[in-house]
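# Summary of structural features
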Amino acid sequence: MQRLRLEISGAVQGVGFRPFVYRLAHRYGLAGWVSNTSKGVVVEVDGDPEILAKFAEALLKEKPSLSIVQNIRSKYLLAAGYSSFKILKSTGGKREAFILPDLATCLECSLEILDPENRRYRYPFTNCTNCGPRYSIINAIPYDRPSTTMSRFRMCNKCRNEYEDPYDRRFHAQPNACPECGPHLELWDSSGVTLAKRDDALRRASDEILEGKILAVKGLGGFHLITLASSDEAVRTLRSRKGRKMKPFTLMSPSISQVSEFCMLSSEERESLQSPRSPIVLLKKRDKQNSSLIISELVSPSNPEFGVMLPYTPLHILLMMEIGEPVIATSGNLSDEPICTDEIDALHRLKDIADYFLVHNRPIARHVDDSIVRIFKEREMVLRRARGYAPLPLSMDLEAESVFATGGHLKNTLALSIGRNVFTSQHIGDLETTQALRAFDDVWNSIETLYNAHPDIIAYDMHPDYISSARARESQIRGIPVQHHIAHVYSCMLDSGVRPPLLGVSWDGTGYGTDGTVWGGEFFHITGGTVKRIAHLRRFPLPGGDRAAAEPRRSALGLLSELYDDPVKHLPPDTFSREESDAMQKMISSKLNSPLTSSAGRLFDAVASILDIHQTTEFEGQAAMALEHAIGNRETRESYPVEIIEHPCEPMVIDWAPLIEGVIMDASEGVDRGIISAKFHNTMAEGIAAVADRAGERKVALSGGCFQNVYLLQRVLDILENNGYEPFIHRSLPPNDGGIAPGQVMAALLINSEK
Ligand code: ZN
Ligand code: ZN
Ligand code: FE
């Protein structure tokens, strides 16, 4: 007889690991115990060495599907003389166990709520060990019911029996509940008066949605605004009340088969939609004639894609079943603020938008938005990382000091490294409003408490005015400022696992450069612990500075002023009034409020303006996106000339002058805008390859918001691969500023770490 001790770390709590071990021990007739610890799960069993080995093998092979085993330490010891197998109480200590994200309702729970014979028939808060809320209800770890927002509900006897039975699917399912003992729904009018409760509330809510009303619905990680997608009237009302003109709304559809009626679906896209992560997936719209479903043109105007998700909680499943057709399910917020999580707050903030409020009494511990992904080359690329993904960590290949990072200014997230793991927070958003700042502070606090974090270093963006950086500088911990575009590249390194030496390409809208100019079209040679900026796009002035982000015409004017004496002549007529263009040209010539930029994003904007695709925009990246979409199905390998100017002791410069002259020439000759756009994209991709040719590194890491552009990304990958390079891209961290924080962690640890 011997004793086997297994210490298992990773995502092993809240996924049914202990009951699984319990059942396995019984199958092999072994005595001992299993327990949750702050690091994961520990198992001890007495038995014949041969049987112990089989037990360990089966444990790894048959582990619960939702668990992620990161590491197993096994030890053979003297037998302890256990007489039975027990599940012991959780123990405390240093917290390293993973907190699981919220998981979409599993098939078994879905069937139960649709079964009139089941005691959970039509119960919107049904869950089990394989599904349901996690991160959005946790106040502390280890993950046990008293440390969740379910602590206020006392389990009834039936639920308690399930909870305590290791052979039950709900054994230790912390949010376990039923209509007798759990949370319930209420329907409120916009002044907070209760109109209906429980199932009546649900039925009445779906009736109101079918009538074309706008409902604020409290879900898993916050509120949605829900309205009928088929009704122009409803969508127009939502747009005007939300102050959102063009930005696409997300759709929720009752079933995958219905999604396939209005979107093209690959097998990977299906898999992603139906996964426990249940993200919003960006899908290509189908031609209308193939479907009898009506979806208003106003849902996603002048955009070839829909963002679509499936119902991922019992509440959404029941609601969508009643409605039977796609609805808009957009974040319950005023534009750019974080989503509401509390019903009283929602009543306050959303009273002018929503006609009714469908709420419940299970508190949300923290806001968690819907995640957004796209399938690129058969795999997910995460564009917004929140529900279903956060806060699962990525693993570094080094054990290092603990670093906390405060991220960028837009699409903000926070990150924390403990040991080998880098945890990235859920999406917080643009730090432009007091609400967003409060969310930033809340998430920061909750990361510190949940992980009992004592970071050695705090990393932040170099920008002198970012509030995220100011917050970091106020802290007492040793600070390391990280340049924005360098953080992007290190984010890609963490995400893809690529290590130096490499060429890092960092293209986005804007970021603070170390030379006082606005960067955004950058190339870095990274060797060991050193980073050298080896190339950038040619600079041009941005009249009005930050205001250029919402007015592509400003980028165009600044860019054209570098090439022509009368730049306005090369812009579409009426782009500017006489006064506007005079004022702006004065700004440029006097160098007042006209910072120089090497931004790739602004170059895309400029071309969108020259081609009269967008002169002003409503949301970040809108012009570049429209420029990409203009290509449609057009196929051309043509491009404009790329000129690289090499300096003896300064970075190389990619000169866009021949490119812009080519665009203007083609436009004046009436060449199709889609073709011009394709040639422009091809040229940009060739520019990257031209720098790669001079950098002398085989590995190329691509990061920054510009690489959300699928056409650009595909062209860059094709050209690089065809020329013998090995490109690396983002997958589970966003290429946009949502990936900045984990990149800052990596940069703080790796730069200057090797001589
Ligand atoms: Zn379930
Ligand atoms: Zn119950
Ligand atoms: Fe950026």
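Structural notes, computed from the coordinates. (Residues numbered from 1 in each chain as written. Chains lettered and ligands numbered in written order. Predicted model: local features only at pLDDT ≥ 70, side-chain atom pairs only at ≥ 80, totals over all residues. Heavy atoms only, no water.)

So, about the overall build of the chain. Within the chain one finds 21 helices and 31 strands. Against the compact-globule benchmark of 27 Å for 755 residues, the chain has a radius of gyration of 27 Å, which places it among compact chains. Across the 755 residues that make up the chain, the buried fraction comes to 60%. By sequence separation, contacts in the chain at least 24 residues apart represent 71% of the contacts at least 6 residues apart. Taken as a whole, the chain presents about 29600 Å² of accessible surface, with 48% of it coming from carbon and sulfur. Where the 84 positive side-chain charges of the chain centre and where its 96 negative ones centre are 5 Å apart. (Helix = DSSP H or I, 4+ residues; strand = E, 2+ residues; numbered from the N terminus. Rg over C-alpha atoms; globule rule 2.2 N^0.38 Å. Buried < 20%, exposed > 50% of the residue type's maximum accessible area, 1.4 Å probe, protein only. Contact = heavy atoms within 4.5 Å. Areas by Shrake-Rupley, 256 points an atom, 1.4 Å probe, with all protein chains shown as cover. Lys, Arg positive; Asp, Glu negative; His and termini not counted. Charge placed at Lys NZ, Arg CZ, Asp CG, Glu CD.)

Moving on, we come to the coordination of the zinc ion (ligand 1). Reference geometry at the metal: tetrahedral coordination by four donors gives ideal angles of 109.5 degrees; octahedral coordination by six donors gives 90 or 180 degrees. Protein coordination at the zinc ion (ligand 1): the donors are Cys106 (SG), Cys109 (SG), Cys128 (SG) and Cys131 (SG), at 2.3 to 2.4 Å from the metal. Coordination geometry of the zinc ion (ligand 1): the four donor atoms subtend angles of 103 to 119° at the metal centre, consistent with an arrangement described as tetrahedral. Read N to C, the donor residues that coordinate the zinc ion (ligand 1) are spaced as C-x2-C-x18-C-x2-C. Here Cys128 lies in the loop between helix H3 (107–113) and helix H4 (157–164) and Cys109 lies in helix H3, a separation of 19 residues in the sequence. Pair check on accessibility: Cys109 and Cys128 agree, each one buried. (Donors = N, O, S within 2.8 Å, 3.2 Å for Na, K, Ca; no water. Tetrahedral: all angles 85-135°; square planar, octahedral: opposite > 155°, others 65-115°.)

Here Leu358 lies in strand E14 (residues 356–360). On the basis of relative accessibility, which here comes to 0%, the residue Leu358 falls in the buried class. Sequence-wise, Leu358 and Asp287 are 71 residues apart; in three dimensions their C-alpha atoms are separated by 34 Å.

Following both chains from N to C, one finds helix H14 (residues 552–561) and helix H15 (residues 578–589) inclined at 55°, their axes separated by 11 Å at the closest point. If you check the angle between H14 and H15, you find them oblique. By crossing handedness, the relation of H14 to H15 is classed as right-handed. For the pair formed by H14 and H15, the contact residues are Arg553, Arg554, Leu557, Gly558 and Ser561 on the first element and Glu580, Met584, Gln585, Met587 and Ile588 on the second. Taken together, the residues that form the contact of H14 with H15 break down as four nonpolar, three polar and three charged. (Axes fitted to C-alpha atoms, helices over the stretch in contact; angles between N-to-C directions. Parallel < 35°, antiparallel > 145°, perpendicular 65-115°, else oblique. Left-handed = near helix turned anticlockwise from the far one by under 90°. Nonpolar A, V, L, I, M, F, W, Y, C, P; charged D, E, K, R; others polar.)

Protein-derived coordination of the iron ion (ligand 3) comes from His484 (NE2), His488 (NE2), Asp508 (OD) and Asp737 (OD), at a distance range of 2.0 to 2.2 Å. Taken together, the four donor atoms coordinating the iron ion (ligand 3) and their angles of 87 to 167° define a geometry best described as irregular. All donors of the iron ion (ligand 3) belong to a single chain; written as a sequence motif, their spacing is H-x3-H-x19-D-x228-D. Here Asp508, found in strand E23 (residues 502–512), pairs with Asp737, found in the loop between strand E31 (726–728) and helix H21 (740–750); they are 229 residues apart in sequence, far enough to count as distant. Look at Asp508 and you get buried, because its relative accessible area is 4%. Among the residues examined, Asp737 registers a relative accessible area of 11% and is labelled buried.

In sheet architecture, strand pairing relies on hydrogen bonds along the backbone and comes in two forms, parallel and antiparallel. Strands sit in the order E17-E20-E19-E18-E21-E22 across an open sheet of six strands; the sheet is mixed. Edge strands, defined here as strands with exactly one partner in the open sheet, are strand E17 (394–395) and strand E22 (478–482). Two strands pair when backbone bridges link them, and strand E21 (residues 457–461) and E22 are joined in this way by five bridges, in the parallel orientation. Bridge pairing in E22 places Asp461 opposite Val482. Against the sheet, helix H11 (residues 434–451) touches strand E18 (403–405), strand E19 (415–418), strand E20 (421–424) and E21, its axis set at about 15° to E19. Along the sheet, H21 contacts E18, E19, E20, E21 and E22; its crossing angle with E18, the most-contacted strand, is approximately 140°. (Pairing = 2+ DSSP bridges.)

Read from one edge of the open sheet, 11 strands run E7-E6-E14-E8-E9-E13-E10-E12-E11-E15-E16, paired in mixed fashion. On the outer flanks of this sheet lie strand E7 (194–197) and strand E16 (379–384), each paired with one strand and no other. Taking the axes of each pair of neighbouring strands and ignoring which way they run, one obtains an average angle of 35° across the sheet. Bridge analysis of strand E8 (residues 215–218) against strand E9 (residues 223–228) gives four bridges, and the strand direction is antiparallel. Looking across to E9, one finds that Val217 is bridged to His224.

Moving on, we get to the pattern of salt bridges. Tallied over the full model, the rule gives 43 salt bridges. Here Arg538 and Asp655 are joined by a salt bridge, their closest N and O atoms 3.0 Å apart. Of the two residues, Arg538 sits in the loop between strand E25 (530–537) and strand E26 (540–541) while Asp655 sits in strand E29 (residues 652–655), which places them 117 residues apart along the sequence. Of the two residues examined, Arg538 and Asp655, each falls in the buried class. (Salt bridge = Lys/Arg side-chain N within 4 Å of Asp/Glu carboxyl O.)

For Ser331, the position within the fold is in strand E13 (residues 327–331). In this structure Ser331 comes out as buried when scored by relative accessible area, which is 18%. Taking the C-alpha atoms as reference points, Ser331 and Val217, separated by 114 residues in sequence, lie 9.9 Å from one another. Excluding its chain neighbours within four sequence positions, the residues that come into contact with Ser331 are Phe223, Leu225, Lys242, Ile339, Asp369 and Arg384.

A separate point is the side chain of His484. By the element assignment, His484 lies in helix H13 (residues 484–496). Once residues lying within four places of it in the same chain are set aside, the contact partners of His484 are Asp461, Tyr466, Asp508, Thr510, Gly511, Tyr512, Asp737 and Ile740.

Of all hydrophobic cores here, the largest spans 155 residues; its most connected members are Phe55, Leu358, Trp507 and Phe523. Per-element tally for this core: the top contributor is helix H19 (residues 673–695), with 10 residues. Dropping the residues within four chain positions of it, Phe55 is found in contact with Leu4, Leu6, Val21, Leu24, Ala25, Tyr28, Leu30, Val43 and Val45. (Core = buried A, V, L, I, M, F, W, Y, C linked by side-chain atoms within 4.5 Å.)

Inspection of the secondary structure puts Lys569 in the loop between H14 and H15. With relative accessibility at 63%, the residue Lys569 sits in the exposed group.

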